[in-house]
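Observations on the three-dimensional arrangement
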Amino acid sequence: MSLTPEELQARLDLAREINSSTPADKVVGAVARLFDLDAVPGVDDEFTFPARPTTSRDRIFGGQVIAQAMTAAARTVDPDKQVHSLHAYFLRGGDETKPLHFRLHRDFDGRSFSNRRVVVRQDGKVIFNLTASFQIPAEGLSHQVAMPELLPPEECWDFTDFIAADPHISDRQLAHMARSRPFEVRSFRPPASDRATQHYQWFRVASPIGDDPLLHRGFLAFASDMGLLSSAMLPHGVSFWTPGLVSTSLDHAMWFHGEVRVDDWFVFVMDSPWTGGDRGLCRGSIYRRDGTLMATVAQEGLIRYRPQ
């Protein structure tokens, strides 16, 4: 299956038109508002997030609830302590047209570290839980794995063009996927024939978000669920839109290694060391453009493939 040059150009033009139809600051602002959780009146350590009137999603994007729960936890911790790790499980698919309820548990507060659990409910049922650890910044032994040799963002596919050029993505799917995003995204994905296990995406927030460190970490947590699960599909030549494939995130872990800025280019280098039993294990390293390792991510997801 392939596209003629005329078909490719038509899809590129359509995708770019859809992508530019909404101003970047409006899309980025919508993500920033995800972190404006409302405290439940008269109740300590409980927050809510309102329902949306409509949605085009089958379920809430995992990166959203990860970032929201992390932010809710941070609101109950000494501001001198920064989140350095989180571990989460996706239990049920959420619905954007229903409100979310966040219940915080203050499990530990020490001199250097604090720990919080967050239970997220919808319709009275637990859909997600997260544990996050916070630490006062400290100096000590330091090393990191070097960033691999990568193409710079200027030499990678713009994500909008990348999806438009894929003939396996229907026009209906393209219309949904080409919508404006909170990040500029540049992708490198080897061809399926390589049976490779590694790919990468460059990200940069699409409009300014200020200097709040927690907001930058929230945006990075949001981005940490973008494309990671596809790493387990890469060596098998399938993707999210392959007929007969069902996928969803099962758990998610993330470690922050230092200062986070999402308004400069950073790269998410992803791979999958294993698939089996309808599951795939994925991991990622997030580097600043100067090669500094900013965060590490791991995720296991459902990869159920039943070819028709």
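Structure report, in brief. (Residues numbered from 1 in each chain as written. Predicted model: local features only at pLDDT ≥ 70, side-chain atom pairs only at ≥ 80, totals over all residues. Heavy atoms only, no water.)

In terms of helices and strands, the protein chain carries six helices and 13 strands. For the protein chain, whose C-alpha radius of gyration is 19 Å, the value lies close to the compact-globule estimate of 19 Å for 308 residues. Seen along its three principal axes, the alpha-carbon backbone of the protein chain occupies a region of about 60 × 45 × 40 Å. In the protein chain, which comprises 308 residues, the share counted as buried stands at 45%. Within the protein chain, contacts between residues at least 6 apart in sequence are counted, and of these 71% link residues at least 24 apart. Summed over its atoms, the accessible surface of the protein chain is roughly 15600 Å², and 51% of this surface lies on carbon and sulfur atoms. (Helix = DSSP H or I, 4+ residues; strand = E, 2+ residues; numbered from the N terminus. Rg over C-alpha atoms; globule rule 2.2 N^0.38 Å. Buried < 20%, exposed > 50% of the residue type's maximum accessible area, 1.4 Å probe, protein only. Contact = heavy atoms within 4.5 Å. Areas by Shrake-Rupley, 256 points an atom, 1.4 Å probe, with all protein chains shown as cover.)

Moving on to the packing of aromatic side chains. Per the counting criterion, the structure on display carries nine aromatic pairs. Pairing F61 with F222 gives two aromatic rings, centres 4.9 Å apart and planes at 70 degrees, and the pair type is edge-to-face. Residue F61 is found in the loop between β2 (46–49) and α3 (62–74), and its partner F222 is found in helix α6 (residues 213–223); the two are separated by 161 residues along the sequence. With centroids separated by 5.6 Å and ring planes inclined at 85 degrees, the aromatic side chains of F183 and F203 adopt a geometry described as edge-to-face. You can see F183 sitting in strand β8 (residues 183–188) and its partner F203 sitting in strand β9 (residues 198–205), a full 20 residues away along the chain. A single burial state applies to F183 and to F203, both of which are buried. Aromatic rings pair up to connect F35, F183, F203, F219 and F266 into one cluster. (Phe/Tyr/Trp six-rings, centres within 6.5 Å; stacked < 30°, edge-to-face > 60°.)

Considering soluble globular proteins, one finds that nonpolar side chains tend to be buried as a cluster. Counting residues in each nonpolar core, the largest one holds 74 residues, and the members touching the most others are F128, F183, F219 and L220. With eight residues, α3 is the single largest residue contributor to this core. Sequence-distant contacts of L220, defined by excluding residues within four places in its chain, comprise M254, F256, V260, V262, F266, I286, M294 and A295. Ranked by size, the runner-up nonpolar core spans nine residues in total, among them L150, C156, V269 and Y287. (Core = buried A, V, L, I, M, F, W, Y, C linked by side-chain atoms within 4.5 Å.)

Glancing now at α3. Between its terminal C-alpha atoms α3 stretches 19 Å, which fits the 18 Å expected from 13 residues at 1.5 Å a residue. The element α3 is largely enclosed, with a buried count of 13 among its 13 residues. (Expected span 1.5 Å × (residues − 1).)

Turning to empty space enclosed by the protein, a few remarks are in order. Throughout the structure, instances matching the rule amount to one cavity of 30 Å³ or more. Reported here for the largest cavity is a volume of approximately 40 Å³. Together, F49, P50, R52, I60, Q64, D95, E96, K98 and L100 line the largest cavity. When its residues are assigned to classes, the lining of the largest cavity shows four nonpolar, one polar and four charged. (1 Å grid on protein atoms, 1.4 Å probe; cavity = no way out; pocket = protein on both sides within 12 Å on 5 of 7 lines; lining within 4 Å. Points joined across faces, edges and corners; volume = space filled by probe spheres on them. Nonpolar A, V, L, I, M, F, W, Y, C, P; charged D, E, K, R; others polar.)

This part covers the pattern of salt bridges. Overall, the coordinates contain 18 salt bridges when judged by the stated rule. As a salt-bridge pair, R306 and D278 come within 2.8 Å of each other at their nearest N and O atoms. On the criterion of sequence distance, the pair formed by R306 in the segment after β13 (293–305) and D278 in the loop between β11 (266–276) and β12 (279–288) is long-range, its members being 28 residues apart. Within the structure, one salt-bridge network assembled from shared partners comprises D211, R261 and D263. (Salt bridge = Lys/Arg side-chain N within 4 Å of Asp/Glu carboxyl O.)

Turning to unusual backbone geometry, a few remarks are in order. Within the chain, D45 stands out as a residue other than glycine whose phi angle is a positive 60 degrees. Structurally, D45 is set in the loop between β1 (38–39) and β2. For D123, which is not glycine, the phi dihedral falls at a positive 55 degrees. Residue D123 is classed as exposed on the basis of its relative accessible area, which comes to 58%.

Sheet topology places strand β3 (residues 82–90) next to strand β6 (residues 125–135); eight bridges connect them, and they run antiparallel. Its bridge partner lying in β6, A88 is registered against L130. In the sheet, β3 pairs with strand β10 (residues 245–256) via five bridges, with the strands oriented antiparallel. Bridging from a neighbouring strand, A88 pairs with H252 of β10. (Pairing = 2+ DSSP bridges.)

Our focus in this paragraph is the layout of surface pockets. In this structure, the second largest pocket occupies an estimated 730 Å³ of space. When contributions to the lining of the second largest pocket are tallied by element, the ones reaching two or more residues are β3, β10 and β13. The leading source of residues in the lining of the second largest pocket is β3, at three residues. Looking at the lining of the second largest pocket, its residues break down into eight nonpolar, ten polar and four charged.

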